[in-house]
Amino acid sequence: MVKERLWTKDFVFVSIVNFVLMLSMYLLLVTMTTYSIKTYGASASLGGLVASIFVIGSLIGRLFSGKTIQDIGSKKILIMGISAFFILSLFYFLSISIYALIVLRLVQGIALGMATTATGTIVAEVIPSSRNGEGIGYFSMSVVLATAIGPLIGVALVSSIGYTSIFVFSTVMALVSVLLGVVVKAPNIEKIAGAESKAGKGFKLSNFFELNALPVATSMFVAAFAYSGILSFITGYTAEINLVQAGSFYFLVYAVVILLTRPISGPLMDKKGGNSVAYPGLLIFAVGMLLLSQVTTGWGLLLAAAIIGLGYGNFQSTSQALAIKVTPKHRMGLANSTYFIGLDLGLGAGPFVLGYIVPISGYRGMYETLVGLIIVALVVYYFAHGRKEKALTEPQTAAVNE
């Protein structure tokens, strides 16, 4: 049996668009705090707000773009999002107050939330149903690469050229996304006659969230909450245990392991189901976190990075594929926004809560606590989706094949 084609022009282009947008986001995310402190004399907390307000904006953009995609289509939302992101990038070159900068970051975050919800939806629309897990796995590598490369580029540019260089780089990336986004073609997904117009009347939870995807998004929230402890505190932790040099390679090793394993985990999910990747992924994530909490050598730290990449990295792509798989095609926009809201909430809320744990238990104690939280994520996944995966996914697969 001949495989349906996955690597189409639209799949490649929309993956690149997603990559350059996320690359721009992460290189700014790691540099805006210090930029605010040095340029505006801001306090550490206000500088942190300048950086993190972007994530809040992204959440707002995702919340409303899912419903709007359902109404006007993913391509229009993509063009609106990337165009706004590009225009707003130009404002970084102006002399504005720090409060105007906060507003700029918020609105640009909304634009990115719209654009990346649209890219996720378009990819879900162009991927053959028989290669759903494999396709989402490859697409999500655009985020993994951006997470690893973005901070490296941002720090390198600031240290060698200055802060203006990161704004130039971000603007160029935004322009690239516009040029590629214009030529992307999004399939027209037929709406269910009468159902959509009825659903759009009044305030309903289903107008903003895809309820079929909510269980998977909930388990992703818990796992992302645990992973946020690495994103936010790995620099301080490696400094405390005198492994700064090894720590600088942490996200690179993490990304490489995901790149090497996605070609295996994606097809495995398509053949054996999401549980075949999700359960081992969370268990491996817990093992990696436990190792991270006890590490004393550079090689041990990088081994923990590799194990966590194998576990959390593959669970992340699998859960996104499952959120799409259990959702009717005409509500894919809402499924993507629901999934990413769970992911972003976990990554955004985690550092705030964990910041209260570190002074009490220290970094090692915090990471030990997160091992338990990952086990909670596994239990949540089991009750929310895992135990009924076969019953949930088979009807959707049958409906798509028809």
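If you're wondering where the values come from, they're calculated on a predicted model, not measured in any experiment.

**Q** Explanation requested: the overall build of the protein chain in the structure shown.
**A** Secondary structure assignment for the protein chain yields 15 helices and zero strands. Here the C-alpha radius of gyration of the protein chain, 20 Å, is about what a compact globule of 402 residues would show, namely 21 Å. Looking at the protein chain residue by residue over its 402 residues, the buried ones come to 55%. Measuring between centres, the 25 positive side-chain charges of the protein chain sit 3 Å from its 15 negative side-chain charges.

**Q** Would you take a moment to explain the packing of helix α1 (residues 9–29) against helix α7 (residues 163–183) for this structure?
**A** Helix packing geometry: the angle between the two helix axes and the distance between the axes. Following both chains from N to C, one finds α1 and α7 inclined at 160 degrees, their axes separated by 9 Å at the closest point. Here α1 lies roughly antiparallel to α7, going by the angle between them. Crossing handedness for the pair α1 and α7: left-handed. Between α1, through Lys9, Asp10, Phe13, Ile16, Val17, Val20, Leu21, Leu23, Ser24, Leu27 and Leu28, and α7, the contact on the second element is made entirely by Ile166, Phe167, Phe169, Ser170, Met173, Val176, Ser177, Leu180, Gly181 and Val183. For the contact of α1 with α7, the per-class residue count stands at 15 nonpolar, four polar and two charged.

**Q** I would appreciate a short explanation of the packing of helix α6 (residues 132–160) against α7 in the present structure.
**A** The geometry of α6 relative to α7 is characterised by a closest axis approach of 7 Å and an angle of 135 degrees between their N-to-C directions. One way to sum up the angle between α6 and α7 is to call them oblique. α7 is crossed by α6, and the crossing has right-handed handedness. Counting all contacts with α6, which are made through Ile153, Gly154, Leu157 and Val158, the residues of α7 involved are Tyr163, Ser165, Ile166 and Phe169. The residue makeup of the contact of α6 with α7, split by class, is six nonpolar, two polar and no charged.

**Q** Would you mind showing me how to read the nonpolar core here?
**A** Across soluble globular proteins, nonpolar side chains have a tendency to be buried as a group. Ranked by size, the top nonpolar core spans 95 residues in total, and within it Ile230, Leu292, Tyr312 and Tyr367 carry the most contacts. In this structure, tyrosine 312 is in contact with Met220, Ala223, Ala224, Tyr227, Tyr254, Gly281, Phe285, Leu343 and Leu347, ignoring residues within four places of it in sequence. Val50, Ile98, Leu101 and Leu157 belong to the second largest nonpolar core, which has 19 residues in total.

**Q** Just to check I follow, could you spell out the packing of aromatic side chains for this structure?
**A** When we look at a pair of aromatic rings, we describe it by the centre distance and by the angle of the planes. Taken as a whole and judged by the stated rule, the model has 19 aromatic pairs. Taken together, the ring pairs in this structure connect Tyr35, Tyr40, Tyr92, Phe93, Tyr163 and Phe167 into an aromatic cluster.

**Q** Is there a simple way to explain a nonpolar patch on the surface in this structure?
**A** Side chains of Ile87, Leu90, Phe91, Phe93, Leu94, Val168 and Val172 sit close together on the surface and give an oily, nonpolar patch of about 600 Å² of accessible area. Relative to the helices and strands, valine 172 is located in helix α7. On the basis of relative accessible area, valine 172 is assigned to the partly exposed category, the value being 41%.

**Q** Explanation requested: the environment of isoleucine 60 in the structure shown.
**A** For isoleucine 60, the location among the structural elements is in helix α3 (residues 44–72). Taking the C-alpha atoms as reference, isoleucine 60 lies 7.2 Å from glycine 113; in sequence the two are 53 residues apart. Discounting chain neighbours no more than four positions away, the residues touching isoleucine 60 are Leu106 and Ile110.

**Q** Even after reading the chapter, I still don't get the side chain of serine 177, so can you show me in this structure?
**A** Following the sequence through the fold, serine 177 ends up in helix α7. A distance of 2.5 Å separates the side chain of serine 177 from the backbone oxygen of alanine 174, its partner in a polar contact. If we ignore the near neighbours within four places in the chain, the residues touching serine 177 are Val17, Val20, Leu21 and Ile82.

**Q** Teacher, can you tell me more about α7 here?
**A** The periodicity of an α-helix, 3.6 residues per turn, causes residues three or four places apart in sequence to face the same way. Between its first and last C-alpha atoms α7 spans 32 Å; for 21 residues at 1.5 Å apiece the expected length is 30 Å, and the two agree. Buried residues of α7: Tyr163, Ser165, Ile166, Phe167, Ser170, Thr171, Met173, Ala174, Ser177, Val178, Leu180 and Gly181, and no others. If you follow the buried residues of α7, they end up packed against α1, α2 (32–40), α4 (74–89) and α6.

**Q** Explain the environment of lysine 390 to me, please; I cannot follow it from the model alone.
**A** Tracing the chain through its elements places lysine 390 in helix α15 (residues 389–401). Lysine 390 sits 115 residues away from asparagine 275 along the chain, and the two C-alpha atoms are 9.4 Å apart.

**Q** Can you help me understand the confidence of the model for the protein chain in this one?
**A** Residues of the protein chain with pLDDT of at least 70 account for 91%, and the chain-wide mean is 84. Mean pLDDT across the elements of the protein chain bottoms out in helix α8 (residues 195–199) (47) and peaks in helix α12 (residues 275–294) (96). Considering only residues more than four positions removed or in separate chains, one finds that residues 395–402, a stretch of pLDDT under 50, has nine contacts.

**Q** Where do I start with the pattern of salt bridges in this structure?
**A** Between side chains of opposite charge, a pair can form as their charged atoms come close. In this structure the tally under the stated criterion is three salt bridges. Across the pair aspartate 10 and lysine 9 runs a salt bridge, and its minimum N-O distance is 3.1 Å. Close ionic contact of arginine 62 with aspartate 344 constitutes a salt bridge, the shortest N to O distance being 2.7 Å. With arginine 62 in helix α3 and aspartate 344 in helix α14 (residues 332–384), the pair connects residues that are 282 residues apart, well separated along the chain. Pair check on accessibility: arginine 62 and aspartate 344 agree, each one buried.

Reading the values: rules and limits
- Residues numbered from 1 in each chain as written.
- Predicted model: local features only at pLDDT ≥ 70, side-chain atom pairs only at ≥ 80, totals over all residues.
- Heavy atoms only, no water.
- Helix = DSSP H or I, 4+ residues; strand = E, 2+ residues; numbered from the N terminus.
- Rg over C-alpha atoms; globule rule 2.2 N^0.38 Å.
- Buried < 20%, exposed > 50% of the residue type's maximum accessible area, 1.4 Å probe, protein only.
- Lys, Arg positive; Asp, Glu negative; His and termini not counted.
- Charge placed at Lys NZ, Arg CZ, Asp CG, Glu CD.
- Axes fitted to C-alpha atoms, helices over the stretch in contact; angles between N-to-C directions.
- Parallel < 35°, antiparallel > 145°, perpendicular 65-115°, else oblique.
- Left-handed = near helix turned anticlockwise from the far one by under 90°.
- Contact = heavy atoms within 4.5 Å.
- Nonpolar A, V, L, I, M, F, W, Y, C, P; charged D, E, K, R; others polar.
- Core = buried A, V, L, I, M, F, W, Y, C linked by side-chain atoms within 4.5 Å.
- Phe/Tyr/Trp six-rings, centres within 6.5 Å; stacked < 30°, edge-to-face > 60°.
- Patch = residues over 30% accessible without salt bridge, like charges linked within 9 Å, V, L, I, M, F, W, Y side chains within 5 Å.
- Areas by Shrake-Rupley, 256 points an atom, 1.4 Å probe, with all protein chains shown as cover.
- Salt bridge = Lys/Arg side-chain N within 4 Å of Asp/Glu carboxyl O.
- Polar contact = N/O pair within 3.5 Å; in protein donor to acceptor, adjacent residues only side chain to side chain.
- Expected span 1.5 Å × (residues − 1).
- pLDDT = per-residue confidence, 0-100.

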